[in-house]
Structures are given as C-alpha cells and as structure tokens.
Amino acid sequence: MTDGPWSARLRALTSTDLEPVLAIEAASQPTPWTLGNFRDCLHSGYRCQLATVDGEPVAFMILSSVLDESHLLNIAVTPAWQRRGLARWMLRRALAEADAAGHSLMFLEVRDGNRAARRLYAELGFVETGRRKGYYRTRSEEREDAVLMMMEIGGGHK
C-alpha cells in the first residue's frame with residue numbers, strides 16, 4: 001500500500017472489491033464495464049488496483065503487460081473524488097512501477113470527448129498516436145472516437 005493525496009491508499013483489487021468497483025465504474029463511465037469484464041481481468045492476472053480513502057473505495061485502475069509494454073485498460077475515480085489528484089497519483093505510481101519492471105512503453109485509449117482525461121494524459125507525457133473512429137458507444141447509442149495515446153517510459157514521465 002502507498003499513501004497518496006488525502007491519505008489515499010493503493011492496494012491490489014480483489015474479488016471482494018467488485019461491488020464498489022462496479023459502482024465507481026457505473027458512476028463515472030458512459031458505457032461501463034460489466035462484472036464479467038472485471039472478473040476476467042482478475043483471473044487473467046492483470047494488475048488491478050484499488051484506491052481507498054479512510055477505507056472507502058474511491059478509484060481503481062486496471063493495467064495489462066506484454067513483454068516490455070504496459071497498457072492502461074481502465075481507470076476511474078468516483079465523481080465525488082474527481083479532480084483532486086487521485087488519477088494523476090495512481091498513473092504516476094503505475095508509470096514508476098512499469099519503469100522499475102523495465103517496461104519501455106505505456107499505451108492507453110480514451111474517449112475523444114473526455115477532455116479532462118486527455119489533458120491529464122498529455123500533462124503526464126502521453127502523446128496521441130492515432131484514432132479508432134466510432135469505437136465507443138455513448139449513452140445515447142451514438143459513436144465516439146477512441147484517441148490512442150502512448151508514452152515512452154524510462155525517466156520520461158512527469
């Protein structure tokens with residue numbers, strides 16, 4: 001466990017955390033992952049982490065690794081705790097851990113309309129590398145582009 005802003009703690013997410021994780025996901029994502037998605041990540045050995053403040057779950061992130069690459073699959077902060085530095089802290093931890101593991105790249109994709117997340121990723125050093133047209137569904141069943149981003153790891157993260 002590590003301490004972050006507001007004495008947040010970061011620990012491994014377990015199957016007993018899935019109910020609050022689903023609530024965070026539903027409150028923060030237009031088209032949330034399902035219970036099956038989270039179970040698959042846990043069973044596949046992905047790095048699944050939960051942030052808590054005073055023991056209450058407030059955020060999570062899911063990362064996968066292949067060879068020397070990391071991929072941020074999902075990150076969410078419950079609305080009451082957004083814009084307080086939790087996602088930035090969690091991502092910095094993930095980048096430091098990936099660097100320590102010898103990873104050279106981290107990838108992610110983000111909704112085109114998620115300006116706050118895109119700004120955060122750019123501030124951390126991620127650059128846009130492409131787009132997937134109409135990749136995400138919206139709540140109104142329209143389509144939104146996925147912005148593909150990448151960052152070289154190895155002392156380069158801010």
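Our structure's up above, just so we're on the same page.
A regular strand carries its side chains on alternate faces of the sheet. The element strand S6 (residues 105–111) is extensively covered by neighbouring structure, given that six of its seven residues are classed as buried. Bridge count between strand S5 (residues 69–77) and S6: four bridges; the pairing is parallel. Counterpart to Leu 72 in the pairing with S6 is Leu 108. Taken together, the seven bridges between S6 and strand S8 (residues 143–152) define a ladder with antiparallel strand orientation. For Leu 105, the partnering residue across the bridge sits in S8 and is Glu 152.

Time to look at the nonpolar core. Met 61, Leu 72, Ile 75, Met 90, Met 106, Tyr 121 and Phe 126 are the most contacted members of the largest nonpolar core, which totals 32 residues. Among the secondary structure elements, those contributing two or more residues to this core are strand S3 (47–53), strand S4 (56–66), S5, helix H3 (86–100), S6, helix H4 (115–124) and S8. Sort the elements by how many residues they give to this core and H3 lands first, with eight residues. Once you skip the residues sitting within four places of it in the chain, Leu 72 turns out to touch Met 61, Ile 62, Leu 63, Leu 91, Met 106, Phe 107, Leu 108 and Tyr 121.

Cut-offs and rules
Counting restarts for each chain: residues are numbered from 1 in the order of the written sequence. Note on the predicted model: pLDDT of at least 70 is required for a residue's local features to be given, and 80 or more for side-chain atom pairs to be given and counted; whole-chain, interface and lining totals, by contrast, use all residues. Each side-chain value is derived from all of the structure's non-hydrogen atoms; neither hydrogens nor water enter the calculation. Relative accessibility under 20% of the residue-type maximum defines a buried residue, over 50% an exposed one, and the middle range a partly exposed one, all with a 1.4 Å probe and only protein chains included. Segments assigned H or I by DSSP are reported as helices when at least four residues long, segments assigned E as strands when at least two residues long, and all are numbered from the N terminus. Two strands form a pair only when DSSP identifies at least two bridges running between them. Joining through side-chain atoms within 4.5 Å is the link that ties buried Ala, Val, Leu, Ile, Met, Phe, Trp, Tyr and Cys residues into a set, and such a set is a nonpolar core. Note on contacts: a residue pair is in contact if any heavy atoms of the two residues lie within 4.5 Å.

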